[in-house]
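Remarks on the overall topology
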Number of protein chains: 2
Amino acid sequence: MTEEAECILSIDAMGGDTAPQMVIDGLAISTIRHPKVRFLLHGDEARIAPLVARHPVLKSRSETRHVAEMVAMDEKPSAALRRKDVTSMWRSIASVKDGEAKAIVSAGNTGALMAMARMILKPMPGIDRPAIAALWPNPRGESVVLDVGANIGPDERQLVDFAILGEAYARVIMGLERPSVAILNIGAEEVKGNEAVKAAAADIRASGIDMNFYGFVEGDDISLGTVDVVVTDGYTGNVALKTAEGAAKLISNYLSNAIRRSLFARIGYVFASGAFKTLREKMDPRSLNGGVFLGLNGVVVKSHGGTDGLGYASAVDLAIDVAKSDIASKIQSRLNEIKSHRPLTALERMQAEQGAVAAVGP
Amino acid sequence: MTEEAECILSIDAMGGDTAPQMVIDGLAISTIRHPKVRFLLHGDEARIAPLVARHPVLKSRSETRHVAEMVAMDEKPSAALRRKDVTSMWRSIASVKDGEAKAIVSAGNTGALMAMARMILKPMPGIDRPAIAALWPNPRGESVVLDVGANIGPDERQLVDFAILGEAYARVIMGLERPSVAILNIGAEEVKGNEAVKAAAADIRASGIDMNFYGFVEGDDISLGTVDVVVTDGYTGNVALKTAEGAAKLISNYLSNAIRRSLFARIGYVFASGAFKTLREKMDPRSLNGGVFLGLNGVVVKSHGGTDGLGYASAVDLAIDVAKSDIASKIQSRLNEIKSHRPLTALERMQAEQGAVAAVGP
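Description of the structure in this document.

Calculation rules
- Residues numbered from 1 in each chain as written.
- Chains lettered and ligands numbered in written order.
- Predicted model: local features only at pLDDT ≥ 70, side-chain atom pairs only at ≥ 80, totals over all residues.
- Heavy atoms only, no water.
- Core = buried A, V, L, I, M, F, W, Y, C linked by side-chain atoms within 4.5 Å.
- Buried < 20%, exposed > 50% of the residue type's maximum accessible area, 1.4 Å probe, protein only.
- Contact = heavy atoms within 4.5 Å.
- Least-squares fit on C-alpha atoms with pLDDT ≥ 70 in both.
- Buried area = accessible area lost by both parts, 1.4 Å probe.
- Salt bridge = Lys/Arg side-chain N within 4 Å of Asp/Glu carboxyl O.
- Polar contact = N/O pair within 3.5 Å; in protein donor to acceptor, adjacent residues only side chain to side chain.
- Helix = DSSP H or I, 4+ residues; strand = E, 2+ residues; numbered from the N terminus.
- Nonpolar A, V, L, I, M, F, W, Y, C, P; charged D, E, K, R; others polar.
- Pairing = 2+ DSSP bridges.
- Axes fitted to C-alpha atoms, helices over the stretch in contact; angles between N-to-C directions.
- Expected span 1.5 Å × (residues − 1).
- Parallel < 35°, antiparallel > 145°, perpendicular 65-115°, else oblique.
- Left-handed = near helix turned anticlockwise from the far one by under 90°.

1. Considering the nonpolar core
One finds Leu9, Leu146 and Tyr169 of chain A together with Leu9, Leu27, Leu146 and Tyr169 of chain B to be the most contacted residues of the largest nonpolar core, which totals 211 residues. Residues contacting Leu9 of chain A, with those up to four places away along its chain left out, are Val37, Arg38, Phe39, Leu40, Ala101, Ala103, Val105, Val316, Ala319 and Ile320 of chain A. Of all hydrophobic cores here, the second largest spans 14 residues; its members include Ala265 and Ala275 of chain A together with Ala265 and Phe276 of chain B.

What follows is the structure, encoded as structure tokens:
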């Protein structure tokens, strides 16, 4: 735990459906799990202080920075951006930029969080668009799925970036040396998938990058755990994630209805209650709560807005794991590997041109 | 059952992983469920005849048309198309075109089946691209999801067509007067979804069409049964369908592992075995087997290639239900409603131009 000595997390205390209550409940759990982590809370001190006061350990290991305004859960990201540094969300991200904290956790508005994080922290050199990575349960444990909602249209270049980001994330979070990586596709048609997924797969293969690239997988492969990292565009990834959540709810509903229907089944339920508890724990979305924003100069973790303290504590666990890792260098080394094999991004071209202008400038 | 008196189904007896055995097993079940339906079997008579001989009722109500060749499950659709009418798949579709049969069922290669069906039966007037519609379980019963794999890129015009096709299908198959229809989207971003879904929703609203249009739903709404018809592009729909199947398998796996782990749980399982049986039946993909190709001049039902006789019989049920319905007129009346509100399709423009050329031609 000595490596946690210096770890300070920045917390958007006002983000989430039932913030700040749920956030403080979560941090109280986190203080037990991570005895050396400290918290920098951003938000309305009048609302935060009484909640923190109930947890002496948290009180001793946190500091509250008062900021009166907050981003609403349904606020347009562009509107939130315009308000700049008057919100708890902005300030909590700025603490990472300023080097005060190693990572920021927010359960607030996802779109606003991504927009502000991009503006404040900036994408890593060589990355056009950051992605949101989710952990997805499978029979072997879990896999990484990205993007689950940051970017809309599929784009071959972005998909290659996502493969690099997701692979690095799997290495640091799951401790894998050579995680397997695949691109999500469909198998029904002759010319499989859209142009972007085909081009991205071809690019990865042609690049000669030292990646354990599996090729394509289909939707059912995600939960089967066929690979460690599943790459897709944000639209498809978001639909897949929510569709799986819906299917899990439907099955829970079937199961509880079936058991309620007969006396024998209810007796059976009592005997098997331990097994049902295990199942519920396995299916509990709180245990894998937390989408990590990958590809930024700084660690940003988005907790589910509707979670409770236990779920929030899972997001904090994730933020600490990523903050303590060397994910940035792992991403950078892969980007360097692939760089010589592909054209410059729009941003890189601009930077190169500006560099050239600066070199010949006055 | 009198309306079944004239119903003849065309069967691609060679399509499917374990065809023709599985196909004949399925038809034997169908003869019991549908005492007046007759079957026209297309395939290798030497392999089909001994199987049919074991089922005297089926034998008396079927006729086999010998055709030596078949489309392989992994054959490229373009290659299958080039072989034209030497395959059982082609001949079975042609029987619908020729008016010999009311519908065709195949458990063969999906891509080849769609390509051949488009070539032989042609899309309905006003429909650019036919779609594959799946039935999806929800707590209220089931909903229609389309497209689940016939078309790759999303296109606003196609999405509007899919809404019309899916609504008509829900009316005839689920007996609903005004099924609710929504377009699948994601909710995370400010400017929700891609251009195609936004434009399609705007088109439906602007058209003044008499449709119970709900707007957008997200992935979890499919299994929750928020609406009766969920419209999406074939890439996203296919990923969603397979992702849900994968999630269901994962949960079954969790449940059986949890029960196996303790003696008490195994005792509980014995008491609750009725409930587990109900759950298994609810989750049995065979009970909702069959993707219907919508938007063609003729009824085509695709059974899952890996199903067994029971699953194949479900696909036959579906084909009979659709064949007996007036789905084509329901689709056509909606297309007429919307026609005046939107520009011509590429095909319609070509047809109009050809008409004009013919009118002034020699």
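2. Let's talk about the relation of the copies chain B and chain A
Expressed as a screw transformation, the operator carrying chain B onto chain A has a rotation angle of 180° and an axial translation of 0.0 Å, and the superposed copies differ by an RMSD of 0.0 Å. Both chain copies can therefore be described as sitting about a two-fold axis. Using C-alpha coordinates, one finds that chain B approaches the rotation axis most closely at Gly268 of chain B, a distance of 1.9 Å. Mapped onto chain A, 100% of the interface residues of chain B again fall at the interface, so both copies present the same surface.

3. Considerations on the interface of chain B and chain A
Put simply, an interface is often sized by how much accessible area is lost when its parts join up. Contact with chain B, which involves 62 residues of that partner, is made by 62 residues of chain A. The contact between chain B and chain A buries some 5,300 Å² in all, and 71% of this surface belongs to carbon and sulfur atoms. In this structure, the connection of chain B to chain A is made through 2 salt bridges. One can count 6 residue pairs in polar contact (both at pLDDT 80 or more) joining chain B with chain A. Residue assignment for the side of chain B that touches chain A shows that the elements contributing at least two residues are α4 (77-83), β5 (131-138), α9 (219-224), α10 (234-260), α11 (263-271) and α12 (273-283) of chain B. The element contributing the most residues to the side of chain B that touches chain A is α10 of chain B, with 20 residues. Of the residues belonging to the side of chain B that touches chain A, the class tally is 33 nonpolar, 19 polar and 10 charged.

4. Thoughts on the side chain of Ser303 of chain B
Here Ser303 of chain B shows up in the loop between β11 (299-302) and α13 (309-324). Sequence-distant contacts of Ser303 of chain B, that is, excluding residues within four places in its chain, are made with Ser106, Ala107, Asn289, Gly290, Tyr312 and Ala315 of chain B.

5. Let's talk about the sheet that holds strand β7 (residues 180-184) of chain B
Residue and element names in this part refer to chain B. Read from one edge to the other, the open sheet built from 11 strands follows the order β3-β2-β1-β4-β11-β10-β5-β6-β9-β7-β8, with strand pairing classed as mixed. In this open sheet, the two edge strands, each paired with only one partner strand, are β3 (62-66) and β8 (212-217). Mean inter-strand twist for the sheet, computed between neighbouring axes without regard to direction, equals 25°. The pairing of β5 with strand β10 (residues 291-294) spans 3 bridges and is antiparallel. Looking at the pairing, Ala131 lines up with Leu294 of β10.

6. A look at the sheet that holds strand β4 (residues 103-106) of chain A
Note on sheets: strands pair through backbone hydrogen bonds, and any given pair is parallel or antiparallel. Residue and element names in this part refer to chain A. Spatially, 11 strands are ordered β3-β2-β1-β4-β11-β10-β5-β6-β9-β7-β8 in an open sheet, and the strand pairing comes out mixed. Because the sheet does not close on itself, it has two edges, and the strands there are β3 (62-66) and β8 (212-217). For this sheet the average axis-to-axis angle between neighbouring strands, irrespective of direction, equals 25°. Of the strand pairs in this sheet, strand β6 (residues 141-146) and strand β9 (residues 229-231) are connected by 3 bridges, and their pairing is parallel.

7. Focus on α13 of chain B
Residue and element names in this part refer to chain B. Between its terminal C-alpha atoms α13 stretches 22 Å, which fits the 22 Å expected from 16 residues at 1.5 Å a residue. Counted residue by residue, α13 has 12 buried out of 16 residues, so it is predominantly covered. The complete set of buried residues in α13 reads Gly309, Gly311, Tyr312, Ala313, Ser314, Ala315, Val316, Leu318, Ala319, Ile320, Val322 and Ala323. With a side-chain oxygen lying 3.2 Å from the backbone nitrogen of Leu310, the N-terminal cap of α13 falls on Asp308.

8. Overview of the packing of helix α10 (residues 234-260) of chain A against α10 of chain B
The geometry of α10 of chain A relative to α10 of chain B is characterised by a closest axis approach of 8 Å and an angle of 40° between their N-to-C directions. Considering their axes alone, α10 of chain A and α10 of chain B lie oblique with respect to each other. Where α10 of chain A crosses over α10 of chain B, the two elements pack in a sense that is right-handed. Here α10 of chain A contributes Tyr235, Thr236, Val239, Ala240, Thr243, Ala244, Ala247, Ala248 and Ile251 of chain A to the contact with α10 of chain B, which in turn contributes Tyr235, Thr236, Val239, Ala240, Thr243, Ala244, Ala247, Ala248 and Ile251 of chain B. Here the residues of the contact of α10 of chain A with α10 of chain B sort into 14 nonpolar, 4 polar and no charged.

9. Concerning the environment of Arg129 of chain B
All names here are of chain B. Within the secondary structure, Arg129 is located in the loop between α6 (110-121) and β5. As for Arg129 and Phe162, which are separated by 33 residues in sequence, their C-alpha atoms are 8.9 Å apart. If near-sequence neighbours (up to four positions away) are discounted, Arg129 is found in contact with Arg118, Ala150, Asn151, Gln158 and Phe162. Of the polar contacts made by the side chain of Arg129, one reaches the side chain of Asn151; its length is 2.7 Å.

10. Thoughts on unusual backbone geometry
A cis amide bond, omega 0°, links Ala19 of chain B with the succeeding residue Pro20 of chain B. Tracing the sequence through the fold places Pro20 of chain B in the loop between β1 (8-12) and α1 (21-33). Following Leu146 of chain B, the chain continues to Asp147 of chain B via a peptide bond in cis, the omega torsion being -5°. Tracing the chain through its elements places Asp147 of chain B in the loop between β6 (141-146) and α7 (156-174). Even without a glycine there, the phi angle at Lys84 of chain A is positive, about 50°.

11. Describing the packing of α10 of chain A against helix α11 (residues 263-271) of chain A
All names here are of chain A. Between α10 and α11, whose axes approach to 6 Å, the crossing angle comes to 115°. Note on element contacts: α11 touches α10 through Ala265, Arg266 and Tyr269, opposite Ala258, Ile259 and Arg260. Across the contact of α10 with α11, the residue classes tally to 4 nonpolar, no polar and 2 charged.

12. Some thoughts on the pattern of salt bridges
Evaluated as defined, the whole model comprises 26 salt bridges over all chains. Across the pair Glu218 of chain B and Lys242 of chain A runs a salt bridge whose closest N-O atoms are separated by 2.3 Å. Separated into two different chains, Glu218 of chain B in the loop between β8 and α9 and Lys242 of chain A in helix α10 make up a pair that spans both. Take Glu218 of chain B: its relative accessible area is 22%, and that puts it in the partly exposed class. With its nearest N and O atoms 2.9 Å apart, the salt bridge here joins Glu69 of chain B to Arg83 of chain B. Placement of Glu69 of chain B in the loop between β3 and α4 and of Arg83 of chain B in helix α4 is noted, with a sequence separation of 14 residues between them. Counted as one network, the salt bridges with shared partners bring together Glu63, Arg65 and Glu100 of chain A.

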